[in-house]
Amino acid sequence: MRYVRDMRGYGANPPDPKWPGGANVAVQFVVNYEEGGENCILHGDKASEAFLSEITGAQPWPGLRHWNMESIYEYGSRVGFWRLHRLFTGQNVPVTVYGVAAALARSPDQVAAMQAAGWEIASHGLKWIDYRDHSPEDERRDIEEAIRLHTEVTGQRPTGWYTGRSSENTVPLVAEAGGFAYCSDTYDDELPYWLDHDGHGHAMEPLLIIPYTLDVNDMRFGIQAGFSNGEQFFTYMKDTFDTLYEEGKDGRPRMMTVGLHCRLIGRPGRFGALKRFIEYVKSHDKVWLPRRIDIADHWRATHPYKAPALRPSTMEFEDFVHRFGGVFEHSPWIAERAYELELGRSHDTATGLHNALCRIFRSASEAEKLSVLKAHPDLAGRLAAAKRLTPESAKEQASAGLDALTDAERELFTKLNAAYVTTFGFPFIISVKGRGKDDILHEFEKRIGNSRPQEFATACAQVERIALLRLKDILP
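Just so you know, these numbers come straight off a predicted model, no measurement behind them.

### Quick notes on the overall build of the chain
Argument step 1. Along the chain, the regular secondary structure elements total 18 helices and eleven strands.
Argument step 2. Relative to its length of 476 residues, the chain is extended, with a C-alpha radius of gyration of 30 Å against a globular reference of 23 Å.
Argument step 3. Considered along the principal axes of its C-alpha atoms, the chain spans approximately 90 × 50 × 40 Å.
Argument step 4. Taken across its 476 residues, the chain has 51% of its residues classed as buried.
Argument step 5. A fraction of 72% describes how many contacts in the chain between residues 6 or more apart in sequence connect residues 24 or more apart.
Argument step 6. With an accessible surface of roughly 22,000 Å², the chain has 51% of that area assigned to carbon and sulfur atoms.
Argument step 7. Once the 56 positive and 66 negative side-chain charges of the chain are each reduced to a mean point, those two points are 3 Å apart.

### Re the side chain of Thr-240
Argument step 1. Within the element layout of this structure, Thr-240 appears in helix α6 (residues 230-249).
Argument step 2. In contact with Thr-240, other than residues within four places in its own chain, are Val-216 and Met-256.

### Comments concerning the packing of helix α13 (residues 366-375) against helix α18 (residues 452-472)
Argument step 1. Running from N to C, α13 and α18 point in directions that differ by 65°, and their axes come no closer than 10 Å. Judged by the sense of rotation from one axis to the other, the crossing of α13 with α18 is left-handed. Every residue of α18 that contacts α13 at Glu-366, Lys-369, Leu-370, Val-372 and Leu-373 is listed here: Arg-452, Phe-456, Ala-459, Cys-460 and Val-463.
Argument step 2. Residues that form the contact of α13 with α18 fall into these classes: seven nonpolar, no polar and three charged.

### Brief notes about the packing of α6 against helix α8 (residues 268-282)
Argument step 1. Between α6 and α8, whose axes approach to 8 Å, the crossing angle comes to 20°. What the angle tells us is that α6 and α8 run roughly parallel. With respect to the hand of their crossing, α6 and α8 are arranged in right-handed fashion. On α8, the residues that touch Gly-230, Glu-231, Phe-234, Met-237, Lys-238, Phe-241 and Asp-242 of α6 are Gly-269, Arg-270, Ala-273, Leu-274, Arg-276, Phe-277, Tyr-280 and Val-281.

### Some points on the pattern of salt bridges
Argument step 1. Inspection of every chain in the model, using the stated rule, returns 22 salt bridges.
Argument step 2. Notably, a salt bridge pairs Lys-238 with Asp-242, separated by 2.9 Å at the nearest N-O pair. You can see Lys-238 and its partner Asp-242 sitting in helix α6, four residues apart, about one turn around the helix.
Argument step 3. A salt bridge links Glu-366 to Arg-452, with the nearest nitrogen and oxygen atoms 4.0 Å apart. Here Arg-452 lies in helix α18 and Glu-366 lies in helix α13, a separation of 86 residues in the sequence.
Argument step 4. For Glu-366, a relative accessible area of 53% translates into the label exposed.

### Details of the nonpolar core
Argument step 1. Counting residues in hydrophobic clusters, the biggest one holds 46 residues, and the most contacted among them are Phe-320, Phe-324, Phe-328 and Leu-357.
Argument step 2. Of all the secondary-structure elements, those providing two or more residues to this core are α10 (317-324), α11 (332-338), α12 (350-363), α13, α16 (407-424), α17 (437-447) and α18.
Argument step 3. Setting aside anything within four residues of it in sequence, one finds Phe-328 in contact with Ile-334, Leu-357, Cys-358, Phe-361, Val-372, Val-463 and Ala-467.
Argument step 4. Membership of the second largest hydrophobic core comes to 45 residues, among which are Ala-103, Ala-113, Trp-119 and Phe-234.

Conventions we followed
- Residues numbered from 1 in each chain as written.
- Predicted model: local features only at pLDDT ≥ 70, side-chain atom pairs only at ≥ 80, totals over all residues.
- Heavy atoms only, no water.
- Helix = DSSP H or I, 4+ residues; strand = E, 2+ residues; numbered from the N terminus.
- Rg over C-alpha atoms; globule rule 2.2 N^0.38 Å.
- Buried < 20%, exposed > 50% of the residue type's maximum accessible area, 1.4 Å probe, protein only.
- Contact = heavy atoms within 4.5 Å.
- Areas by Shrake-Rupley, 256 points an atom, 1.4 Å probe, with all protein chains shown as cover.
- Lys, Arg positive; Asp, Glu negative; His and termini not counted.
- Charge placed at Lys NZ, Arg CZ, Asp CG, Glu CD.
- Axes fitted to C-alpha atoms, helices over the stretch in contact; angles between N-to-C directions.
- Left-handed = near helix turned anticlockwise from the far one by under 90°.
- Nonpolar A, V, L, I, M, F, W, Y, C, P; charged D, E, K, R; others polar.
- Parallel < 35°, antiparallel > 145°, perpendicular 65-115°, else oblique.
- Salt bridge = Lys/Arg side-chain N within 4 Å of Asp/Glu carboxyl O.
- Core = buried A, V, L, I, M, F, W, Y, C linked by side-chain atoms within 4.5 Å.

Structure representation (C-alpha cells):
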C-alpha cells in the first residue's frame, strides 16, 4: 500500500535557491508555440481542436475541419508571435519557447526568429493533443518522434520538455528517454526539485523538475472562469510578483513563471497587460530574468542531485522492520503493522514515519500499549548497571548523565523507581534528551502523584516523543 503522490515536497524549510546576484525572485516567461500542432484532421487527427481559443464552449468536430478554430490558431503564428517577439527582444527579456515539434516544422520563419533572439526552444511534444488515453508505447513513440523532428527542424536536440496535456506516464517516459536537463510537467512547487522515481516507488534516473504554472497563465482568457480583460491579468501577475518579491526579501526566494500563448496574449486588448508587467518587473532590482534552461543549469550547479540515504516507503519489509523495529522499545510489531499502511514520500522523513508508527501505537489495545511501556527500562536501574540497555536507551540515559550517578543519586532513583512501578504497574518513562538529573528527578516526584489514567496517558506521550527523537537520529 504505497501512495504514489508526494504531498510534502520541501516541507517547512525549502532550500535557498541562491539565485544569481542575490535575486529575491526569478521571473521566467514561457511562450507556448502550438499553432499548427493542434488537433486538426489535416494533421491526421480524428477531430478538430476545442481547447484554448476565443470560441466559448467549443467542442471537437469529429471528421471535420473547424475553419474558425483553425484561423484563430493561425492568428497566433501570423500576428501574435511577432508582437511578442518585438516586445521581448525590445525589452531584452530572455524567453523559453515550449515548441510543439509539428508546429515548429510548419513555421520556419518563426523558428529562425526565436534562434536569432537567443530564445531557448524546449520541446512541447510532437503534437498539441491530449495524451491521457494513450498507451505508454504510443506516447513513447511520440516522444521519440518529437525529439527527432525538433532536432531536424531546429538543428539542436531539445533539452527541456513539457507535454502539458499529459498522462500519468509522461514524466517517467521523459526520464526514460534521457538527455533532458529538465521536465516541466508538474505544477506542484515554486522551486525546482529532483525526481528519482516514477511515482510508483520504482527507481529511475534523476530528473530535474522545473514546475510550470496554470494560474499565472494567459490560458485563463480561454476558459469561462478566467480573465476577461487585460487588467485582471496584469493585477494577478503583479500581486504574484509582489508576494514572491517580499518573501524573497525575507529570505525565501522563489520562482515565478508566466505562461503565454501567441493566439491569446498576442491580441491587442490583452497585450498591454503583459507589456506593463514586464516594465513593472524591470523597475525592481534583485530580479533574475532567466530562460528555463538557465534555471536548470543554475540548480544543477547549486543544488546537485543527492540520493537519499534512506527512503522508508520503498524499503522491503525485512529491512524496514530491522531498521525501525526498535524505535518503540522492544516492540517491533509496531513497525511490522506500520509497513502495511498507505506509506508514501511524506513518510520518508522522521516526522512522517513517526506519524505512521504512532498511528499503530495509538490504535493498539490498552494491553499492547502497556506492553510497550513495560518494555522500557527503569532510569538508572539494574539493566543500566549491568550494561544491558538497548543502544538507543544507553545513549539517551548517558546524555542526561544517568550513567554517572553518585551512590546517593542511584539509591534515590532506585527508591523512586520501585514506588512508581508499585503505583502504576509500569516503569517511569520520560524523554531525557536535553534534560539534566535534577529536572528528571523533579518530573519523577511530580508525576508519581498522578492518577493512573493520567499517568498512563503521560507515559504514552513520552514514548511517542522518545520514538520521534530516535527517528531524527536516523532520518532527516
